[in-house]
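# Analysis of the macromolecular model
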Amino acid sequence: MSDAISRDEVAKVARLARLILSDEELDLYTEQLGQILEHARDMNSLDLADVVATAHPFGITNVVREDVVRPSLDRATVLAMAPDAREDRFAVPSILGEAP
Amino acid sequence: MRSATQIAADVRSGASSAAAELDASLAAIAARNDELNVFLHVDVEGARAAAAEVDAALARGESVGALCGVPIAIKDNLCQVGVPTTCSSKILEGWRPPYNATVIERLLAAGAVPVGKTNLDEFAMGSSTENSAFGPTRNPLDPTRVPGGSSGGSAAAVAAHMTSISLGSDTGGSIRQPAALCGLVGVKPTYGLVSRYGLIAFASSLDQIGPFATTVADAALVLEVIAGHDERDSTSLPEPSPSLVAHVNDGVAGKKIGLVRELFDGADESVVTAVRAAADALGAAGAEIVELSLPELALTLSAYYLIAPAEASSNLARFDGVRYGLRVDAPDVTAMMEATRTAGFGAEVKRRIMLGTYALSAGYYDAYYGQALKVRTLTIAAFTRAYQQVDLLLGATTPSVAFAFGAKTADPMAMYLNDVFTIPTNLAGDPALSVPFGTGEAGLPIGVQLLGPGRSEAGLFAAARVLEIADGRP
């Protein structure tokens, strides 16, 4: 079994990603993520200290356009897709522990 | 099945009609969709309306575009107004987009008839279409085997003659790999050539939309229709769609083509034989074949499986049960988001979200994501060096022919290794295509891969056409 990532780290990552894992899933993902990260260690065979990182294939720069008002999606159409909408807004359960 | 080029010509001349072509397509879908699970949704009503519009325009004497009356299948991660779009995920089940992807607008403007949405690995994460929440797609050439993925449904639609052409998306090989496994031409265009507006994002710096077809000319035709600048995608290249169909028969005389060791080493013997035979065929057509080694490519798999999940973990954060899609109720908002995402995402999507979240998290960013971005730089430099010596590159598309269901599902690394030859191009942003060349185990098709520098699509199609002819498809 790989030591690239611990079970506790997987549990922490799941919390960050807003996912709930069962004990069995925690075991499985710890092993599988470990294998993938282990494989990724082959990158350490290279001396990358002086290499510049590339986040985008063509080194894209900001693209701007004139600030002109244009039609956008209809509010009622968009709100109709929401699981819950009230008073022309998206509605969610309590955020601060009080009833909405 | 007739080519899209032929169907468009027949509809335009009156020898056929858009309605008749659609009927034929719907009949082929009805005959095998239950068995193969290709389409998640067949949009009979919308397709009939689009076909009627084409026929009415022709009756009025108006000119209709290059895909006049041609039925086309659409991967279900592309938005089409009012048509269920799921990404093969329970988190989007039942959602109907309020807008069209730019590629859908361009297909409709060219007279094409979108017939429905095809199955994929959930959120395009996979190489076999086994990760769909709505069941796997079967390979029409051998239903005991996978069609490849993630665009497995779009490949199967064309391989089963349900449509002559389809659209897929390619982040690490998701068009080229299923094209190879289903005996089709599949194209990953230059990054930015085709607008990603309305493509539900997986890894934004890698995703590109492209065509499947049975012929090189059809693939060129579809790409010509969907390519070209779109102001709604900030990564869209600033130029109009290139001329491609006109160059399909340009040949390869005088071209230098590099046979890249790292792009076929470790593949099955039948695949290596096919790649070498393809090199011979290109040589016989007047190309100069140069054997090359690009050692950096060996590290691209590792870089890809950090970069793509990192981008995915960010992109998929939008599925939170607030604005659209699934919501699982819970007493507070955080619990609602956790319950929704836990119920809505499948195992592979969760695996990649966690991998990406980890690779981006404090303390590990430099060791994983940062390293991967540097490998990406080296990959681009390796290709640049190669293209100073040669015009195009040649290799395998996949290590083997289509594999059996379940063969690689237990071991994610085994599945990921299937993409080892297709991933490098995505990291570089360059175009590549797969074209059928020869057969392997059980008579199943083999795809060989042609790669080129950015904006070299015309040259890639011309070389692919040489291979198509040499493989007996004049």
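Residues numbered from 1 in each chain as written. Chains lettered and ligands numbered in written order. Predicted model: local features only at pLDDT ≥ 70, side-chain atom pairs only at ≥ 80, totals over all residues.

### Let's talk about the overall build of chain A
- Secondary structure assignment for chain A yields three helices and two strands.
- Listing every helix and strand of chain A by position from the N terminus yields α-α-α-β-β.
- With the C-alpha coordinates aligned to their principal axes, the bounding extent of chain A is approximately 55 × 45 × 20 Å.
- The buried share among the 100 residues of chain A stands at 18%. (Helix = DSSP H or I, 4+ residues; strand = E, 2+ residues; numbered from the N terminus. Buried ≥ 20, exposed ≤ 12 C-beta atoms within 10 Å, placed from the backbone.)

### Considering the sheet that holds strand S5 (residues 185-188) of chain B
Residues and elements named next belong to chain B.
- Strand order in the open sheet formed by 11 strands is S1-S3-S2-S4-S6-S5-S10-S11-S9-S7-S8, with mixed pairing between adjacent strands. The sheet is open, and its two edges are formed by strand S1 (39-42) and strand S8 (288-292), each paired on a single side. Averaged over all adjacent pairs, the angle separating strand axes in this sheet is 30°, with direction ignored.
- Where S5 meets strand S10 (residues 432-439), three bridges bridge the pair, whose relative direction is antiparallel. Bridged to Lys188 within S10 is Ala432.
- This element, helix H3 (residues 44-59), spans S1 and strand S3 (113-118) of the sheet and lies at about 160° to S3. (Pairing = 2+ DSSP bridges. Axes fitted to C-alpha atoms, helices over the stretch in contact; angles between N-to-C directions. Contact = placed C-beta atoms within 7 Å.)

### A closer look at the confidence of the model for chain B
- In this model, chain B carries a mean pLDDT of 97, and residues with pLDDT of at least 70 account for 100%.
- Taken together, the chains of this predicted complex give a pTM of 0.97 and an interface ipTM of 0.93. (pLDDT = per-residue confidence, 0-100.)

### A short note on the domain arrangement of chain B
All names here are of chain B.
- Examined at the domain level, chain B breaks down into domain 1 (1-299 + 374-474) and domain 2 (302-366).
- The straight-line distance from the C-alpha centre of domain 1 to that of domain 2 is 28 Å.
- Listed as interface residues are 27 residues of domain 1 and, on the opposing side, 21 residues of domain 2.
- Every element with two or more residues in the side of domain 1 that touches domain 2 is listed here: helix H12 (366-389), helix H13 (412-416) and helix H14 (423-428).
- Taken together, the residues that form the side of domain 1 that touches domain 2 break down as 16 nonpolar, seven polar and four charged. (Domains from an automatic or database assignment. Nonpolar A, V, L, I, M, F, W, Y, C, P; charged D, E, K, R; others polar.)

### A word on the interface of chain A and chain B
- Every contact between the two is made by 43 residues of chain A and, on the other side, 52 residues of chain B.
- Mapped by element, the contributors of at least two residues to the side of chain A that touches chain B are helix H1 (7-16), helix H2 (23-40) and helix H3 (75-80) of chain A.
- Ranked by the residues each element gives to the side of chain A that touches chain B, the list is headed by H2(A), at seven residues.
- Of the residues assigned to the side of chain A that touches chain B, the class counts are 32 nonpolar, eight polar and three charged.

### Structural notes on the pairing of S3(B)
All names here are of chain B.
- Counting buried positions along S3 yields six of six residues, so the element is predominantly enclosed.
- Both S1 and S3 contribute to a ladder of three bridges, which runs antiparallel. The partner of His41 across the bridge, within S3, is Lys117.

### Considerations on helix H11 (residues 347-360) of chain B
- Here H11(B) is 14 residues long and its end C-alpha atoms lie 20 Å apart, about the 20 Å a rise of 1.5 Å per residue gives.
- Of all 14 residues that make up H11(B), 12 are buried, and the element is covered over most of its length.
- All buried positions along H11(B) are accounted for by Val349(B), Lys350(B), Arg351(B), Arg352(B), Ile353(B), Met354(B), Leu355(B), Gly356(B), Thr357(B), Tyr358(B), Ala359(B) and Leu360(B).
- Looking at the buried residues of H11(B), the elements they touch are H1 and H2 of chain A together with helix H9 (300-315), H12 and H13 of chain B. (Expected span 1.5 Å × (residues − 1).)

### Let's talk about the pairing of strand S6 (residues 208-213) of chain B
Residues and elements named next belong to chain B.
- S6 sits mainly inside the fold: six of its six residues count as buried.
- Where strand S4 (residues 165-170) and S6 come together, six bridges link them in antiparallel fashion. Paired with Ser169 across the two strands is Ile209, which belongs to S6.
- Relative to S6, S5 is paired through two bridges, and the arrangement is antiparallel. By the bridge assignment, Val185 is partnered in S6 with Ala213.

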